[in-house]
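For reference, the chains in residue letters:
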Amino acid sequence: GAGVSQTPSNKVTEKGKYVELRCDPISGHTALYWYRQSLGQGPEFLIYFQGTGAADDSGLPNDRFFAVRPEGSVSTLKIQRTERGDSAVYLCASSKGGSYGYTFGSGTRLTVV
Amino acid sequence: GQQLNQSPQSMFIQEGEDVSMNCTSSSIFNTWLWYKQEPGEGPVLLIALYKAGELTSNGRLTAQFGITRKDSFLNISASIPSDVGIYFCAGRRGGGADGLTFGKGTHLIIQP
């Protein structure tokens, strides 16, 4: 596609539930990133994929968070047993790899009630 | 957590004024980038800096990569209403495609 597409754009879920957030990167982009942005803060790095593998998952806050990219294109961020503190905008970005700048999607706003 | 100190936190200026914001870090970054974010959207890359001392312009925007590799500034000349938004600095430690560390942002508000 022309840009990075994230679905859903908004998600409201109850505390304790499981959620999946989807990212469709720009076609041909090998690198894919997930960031989390809390209100009034800059984006915070979560995980980076090069192709199908997670090259760096050091930003995942705990084992309730997991991300996959099975075919090297679409990625899914999975959050188990959601907590109110998980409420934030989850941003996805993709790039050609290397030191190229990357393109962000519009994000998924997750609200845990 | 975030390790980039960005200032000022917000700026209220008149249309036509010049704007200056900066970012400092206690550690070295090999790449500095400046992004702009508008409500409901992801950040959009404005300028990327790859070498210490580099000064780069993009239209009315000018940014510099500090010689110590621990700081960067962004200047906007002759501000216009569409410059309103939140500006973020971001640094990358590695030389490749590593994740970025972002500042907390500078909220630019232009008064008529």
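Here, the structure is the one placed above.
Residues numbered from 1 in each chain as written. Chains lettered and ligands numbered in written order. Predicted model: local features only at pLDDT ≥ 70, side-chain atom pairs only at ≥ 80, totals over all residues. Heavy atoms only, no water.

(A) Spatial organisation of the overall build of chain B. A count of helices and strands for chain B gives zero helices and eleven strands. Helices (α) and strands (β) of chain B occur, in sequence order from the N terminus, as β-β-β-β-β-β-β-β-β-β-β. Considering only C-alpha atoms, chain B reaches an extent of 40 × 30 × 20 Å along its principal axes. Put simply, 53% of the contacts in chain B that link residues at least 6 apart link residues at least 24 apart. Summing over all exposed atoms, chain B offers an accessible surface of approximately 5200 Å²; the carbon and sulfur share of this is 52%. Averaging the coordinates of the 8 positive side-chain charges in chain B and doing the same for the 9 negative ones gives two points 12 Å apart. (Helix = DSSP H or I, 4+ residues; strand = E, 2+ residues; numbered from the N terminus. Contact = heavy atoms within 4.5 Å. Areas by Shrake-Rupley, 256 points an atom, 1.4 Å probe, with all protein chains shown as cover. Lys, Arg positive; Asp, Glu negative; His and termini not counted. Charge placed at Lys NZ, Arg CZ, Asp CG, Glu CD.)

(B) Inspection of the pairing of strand β6 (residues 53–56) of chain A at higher detail. Pairing analysis gives three bridges linking strand β5 (residues 44–50) of chain A to β6 of chain A, with the strands arranged antiparallel. Across the sheet, residue Gln50 of chain A finds its bridge partner in β6 of chain A, namely Gly53 of chain A. (Pairing = 2+ DSSP bridges.)

(C) Region of the structure containing the packing of aromatic side chains. If you walk through the whole model with that rule in mind, you get twelve aromatic pairs over all chains. Aromatic side chains Tyr35 of chain A and Phe45 of chain A sit 5.8 Å apart centroid to centroid with 70° between the ring planes, which places their arrangement in the edge-to-face category. On the criterion of sequence distance, the pair formed by Tyr35 of chain A in strand β4 (residues 31–37) and Phe45 of chain A in strand β5 is long-range, its members being ten residues apart. The residues Tyr35 of chain A and Phe45 of chain A share a single accessibility class, namely buried. Plain terms: the ring middles of Phe29 of chain B and Trp32 of chain B are 5.5 Å apart, the flat faces sit at 65° to each other, and that makes the pair edge-to-face. Trp32 of chain B matches Phe29 of chain B in its accessibility class, with the two residues each being buried. Within the aromatic cluster, the residues linked to one another by ring pairs are Tyr33, Tyr35, Phe45, Tyr48, Tyr102 and Phe104 of chain A together with Tyr35, Phe88 and Phe102 of chain B. (Phe/Tyr/Trp six-rings, centres within 6.5 Å; stacked < 30°, edge-to-face > 60°. Buried < 20%, exposed > 50% of the residue type's maximum accessible area, 1.4 Å probe, protein only.)

(D) Examining the interface of chain A and chain B more closely. Opposite the 21 residues of chain A that make contact, chain B presents 21 residues. Buried surface at the junction of chain A and chain B, both sides included, amounts to about 1500 Å², of which 50% is carbon and sulfur. Remark: the boundary between chain A and chain B carries zero salt bridges. At the junction of chain A with chain B, the criterion picks out four residue pairs in polar contact (both at pLDDT 80 or more). Broken down by secondary-structure element, the contributors of at least two residues to the side of chain A that touches chain B are β4 and β5 of chain A. Among the elements that line the side of chain A that touches chain B, the one with the most residues is β5 of chain A, at four residues. Residues belonging to the side of chain A that touches chain B are distributed by class as follows: nine nonpolar, eleven polar and one charged. (Buried area = accessible area lost by both parts, 1.4 Å probe. Salt bridge = Lys/Arg side-chain N within 4 Å of Asp/Glu carboxyl O. Polar contact = N/O pair within 3.5 Å; in protein donor to acceptor, adjacent residues only side chain to side chain. Nonpolar A, V, L, I, M, F, W, Y, C, P; charged D, E, K, R; others polar.)

(E) Structural view of the nonpolar core. Counting 21 residues, the largest nonpolar core has Trp32, Trp34, Leu74 and Leu108 of chain B as its most contacted members. Elements with a contribution of two residues or more to this core: β2 (10–14), β3 (19–25), β4 (31–37), β5 (44–49), β7 (61–65), β8 (71–76), β9 (85–92) and β11 (106–111) of chain B. Leaving out residues up to four positions away in the same chain, Leu74 of chain B has contacts with Val19, Ser20, Met21, Trp34, Leu46, Ile47, Leu61, Thr62, Ala63 and Tyr87 of chain B. Judged by nonpolar contacts, the second largest core, of 20 residues, contains Ile47, Ala67, Ala88 and Cys92 of chain A. (Core = buried A, V, L, I, M, F, W, Y, C linked by side-chain atoms within 4.5 Å.)

(F) Spotlight on the state of the cysteines. Residue and element names in this part refer to chain A. Tallied over the full model, the rule gives two disulfides over all chains. Residue Cys23 pairs covalently with Cys92 via a disulfide, S to S 1.9 Å. Taking the sign of the S-S torsion, -70° for the link of Cys23 and Cys92, the bridge is left-handed. One end of the pair, Cys23, is in strand β3 (residues 19–24); the other, Cys92, is in strand β9 (residues 88–95), and 69 residues separate them in sequence. (Disulfide = S-S within 2.5 Å.)

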